[in-house]
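# Coordinate analysis (summary)
Listed here are the chains, written in short residue letters.
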Amino acid sequence: MSDSVKARADHYEQLVNRLDAKRLKRNEPLAPYTTFKIGGPADLFYNATSADDLAGAVTAARDLGMEYFVLGLGANILVGDKGFRGLVIRNTSSHLKFLDDGKLWVESGAVMARLIPQAVERGLSGLEHYVGIPSTVGGAVWQNLHFLSPAPARERTMFIAEVFESADLLTHDGELRTVDREYMQFGYDTSTLHKQRDIALAVTFQLEHGDTAVMHRILQENLSWRGGKHPWLEYHPSAGSIFKKIEGVGAGRLIDQVGLKGFRHGDAQISHIHANIMVNLGKATAKDVRELITIAQNKVHERFGQHLEPEIGFVGEF
Ligand SMILES: Cc1cc2nc3c(=O)[nH]c(=O)nc-3n(C[C@H](O)[C@H](O)[C@H](O)COP(=O)(O)OP(=O)(O)OC[C@H]3O[C@@H](n4cnc5c(N)ncnc54)[C@H](O)[C@@H]3O)c2cc1C
């Protein structure tokens, strides 16, 4: 047995003693757990179903010195074709409590699409702007989920930070701690979770009592706008915008101007309807996507001298 195979077998045995063995798998393909539907297997894969369970799995991996990755809906990542050496912890913790004064405490694996209708039905406003964006609560605070509202009356970028009150974290040094907005250092596409390995176990949102009819109008407008401007995930798997925003220019516009809209490489394609989104036409590999990223970067750099920087995270081995 090679050293790496033996180390993997040892890690499995050690994790089985600390986690629920029924939810621990070996060699689990990751593609189905991402919105791109791309990626090889994780050596070890655990489904964490509560905040305590998530903290336990992260702590176990840290104690054993294993690489680990906390996975939400996999909507902002590209997983390598060779998969992940270590433990992928899929976060499906989703217990929640509506508290007094419009506060909502929710575990970090809760999916925004399921949370939004529950808030709206109680007349609580603040989350409805993010309708149609695939995200867990943990993923949303990790990158400060945002959306440029299409309606003229409220045309501005909204950020999840605006309704964030506090988060229960497992910090990088193993402490359980409730932190405020200042600690989170929210910015455009970023938070403190990018800089240090703190894990969001649960989040408290401060929502506002509002008019349900207005909220439904926002849901309809935002969904319709999205439906017209973005490729549909059900037919064209993607990870949303591939490149970071370039202030005042637009990464998508540059890609469009170098004539790459609709350009196909292997089974990865620059979307016909949104040049900053790459879609998987069926059998795209991570290699196809990485090469397409390089093609777009080179063409844009040659023509405009601008560097396109990927927005998505690259996970595992390529
Ligand atoms: C079709 C489409 C449209 C999109 N539109 C938008 C948009 O309009 N606006 C926008 O902002 N984004 C958009 N995105 C990107 C994506 O939806 C967001 O980045 C989302 O927040 C990702 O959440 P996730 O749960 O899938 O995180 P994942 O992709 O699973 O993880 C992303 C990162 O967050 C980390 N993470 C996840 N959970 C935790 C946790 N509990 N604690 C610590 N770290 C954690 C992961 O380790 C990883 O590094 C879009 C994506 C798609 C596919």
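Conventions and cut-offs
- Residues numbered from 1 in each chain as written.
- Predicted model: local features only at pLDDT ≥ 70, side-chain atom pairs only at ≥ 80, totals over all residues.
- Heavy atoms only, no water.
- Buried < 20%, exposed > 50% of the residue type's maximum accessible area, 1.4 Å probe, protein only.
- Helix = DSSP H or I, 4+ residues; strand = E, 2+ residues; numbered from the N terminus.
- Arc of directions from axis to C-beta.
- Near = heavy atom within 4 Å.
- Polar contact = N/O pair within 3.5 Å; in protein donor to acceptor, adjacent residues only side chain to side chain.
- Pairing = 2+ DSSP bridges.
- Contact = heavy atoms within 4.5 Å.
- Axes fitted to C-alpha atoms, helices over the stretch in contact; angles between N-to-C directions.
- Core = buried A, V, L, I, M, F, W, Y, C linked by side-chain atoms within 4.5 Å.
- Salt bridge = Lys/Arg side-chain N within 4 Å of Asp/Glu carboxyl O.
- Expected span 1.5 Å × (residues − 1).
- Phe/Tyr/Trp six-rings, centres within 6.5 Å; stacked < 30°, edge-to-face > 60°.

## Some words on helix H3 (residues 112-121)
Inspection of H3 places Met112, Leu115, Ile116, Ala119 and Val120 among the buried residues, and these make up the whole buried set. Buried residues of H3 fall within an arc of 125° about the axis and therefore sit on the same side. Pointing more than 90 degrees away from the buried face of H3 are the exposed residues Ala113, Arg114 and Glu121. Positive phi shows up at glycine 123, right after H3, with a value of about 75°.

## Observations concerning the site of the ligand
Close to the ligand lie 31 residues; Val70, Pro134, Thr136, His146 and Arg226 are nearest. At a separation of 3.5 Å, a nitrogen atom of the ligand approaches a polar side-chain atom of serine 108. Those elements that provide at least two residues to the shell around the ligand are strand S3 (68-71), helix H4 (137-142), strand S13 (199-206) and strand S15 (238-241). Ranked by the residues each element gives to the shell around the ligand, the list is headed by H4, at four residues.

## Observations concerning the sheet that holds S15
Within the open sheet, the four strands sit side by side as S15-S18-S17-S16. Their pairing is antiparallel. If you trace the sheet from one side to the other, it starts and ends with S15 and strand S16 (264-265), each paired once. Pairing between S15 and strand S18 (residues 277-280): two bridges, direction antiparallel. The residue of S18 that forms the bridge with serine 241 is isoleucine 277. Packing against the sheet, helix H9 (residues 286-304) makes contact with S16, strand S17 (268-270) and S18, and its axis sits at approximately 30° to S17.

## Regarding the sheet that holds strand S12 (residues 176-180)
Strand pairs in the sheet, formed through backbone hydrogen bonds, run parallel or antiparallel to each other. The strand order S6-S7-S13-S11-S12 describes an open sheet built from five strands, whose pairing is antiparallel. The two strands at the open ends of the sheet, each matched to only one other strand, are strand S6 (96-98) and S12. When the angles between neighbouring strand axes are averaged without regard to direction, this sheet yields 15°. Here S6 pairs with strand S7 (residues 103-107) via three bridges, running antiparallel. Opposite phenylalanine 98, over in S7, you have leucine 104 as the bridge partner. The strands touched by helix H2 (residues 51-63) within the sheet are S7, strand S11 (164-170) and S13, with S13 carrying the most contacts at an inclination of about 150°. Lying on the sheet, H3 is in contact with S6, S7 and S13; it crosses S6 at an angle near 20°.

## Brief notes about the environment of serine 166
Along the chain, serine 166 turns up in strand S11. In this structure the C-alpha to C-alpha distance between serine 166 and leucine 127, which are 39 residues apart in sequence, comes to 15 Å. With residues up to four places along the chain from it excluded, the contact list for serine 166 reads Thr178, Val179, Val203 and Thr204.

## Side note on the nonpolar core
Residues Met112, Leu127 and Phe205 are the most contacted members of the largest nonpolar core, which totals 37 residues. Sequence-distant contacts of phenylalanine 205, defined by excluding residues within four places in its chain, comprise Gly102, Lys103, Leu104, Val106, Leu115, Leu127, Val137, Ile160, Val163, Phe164 and Glu165. Formed by 25 residues, the second largest nonpolar core is a distinct cluster that contains Phe36, Ala239, Leu254 and Ala286.

## With respect to the pattern of salt bridges
Summed over the entire model, instances satisfying the criterion amount to 16 salt bridges. Across the salt bridge formed by glutamate 165 and lysine 103, the nearest N and O atoms sit 3.3 Å from each other. Here glutamate 165, found in strand S11, pairs with lysine 103, found in strand S7; they are 62 residues apart in sequence, far enough to count as distant. A salt bridge links aspartate 256 to lysine 261; the shortest N-O distance between them is 3.7 Å.

## Side note on H2
Given a rise of 1.5 Å per residue, 13 residues ought to cover 18 Å, and the 18 Å separating the end C-alpha atoms of H2 matches this to within 8%. Buried within H2 are the following residues: Ala51, Asp53, Leu54, Ala55, Ala57, Val58, Ala60 and Ala61. Immediately beyond the C-terminal end of H2, within one or two residues, lies glycine 65, with a positive phi of roughly 70°.

## Describing the packing of aromatic side chains
Scanning the entire structure with this criterion turns up six aromatic pairs. Judged by centre distance (5.8 Å) and plane angle (80°), the rings of phenylalanine 159 and tyrosine 188 are edge-to-face. Of this pair, phenylalanine 159 sits in strand S10 (residues 157-159) while tyrosine 188 sits in the loop between helix H5 (181-184) and helix H6 (192-195), placing them 29 residues apart in sequence. With relative accessibility at 36%, the residue tyrosine 188 sits in the partly exposed group.

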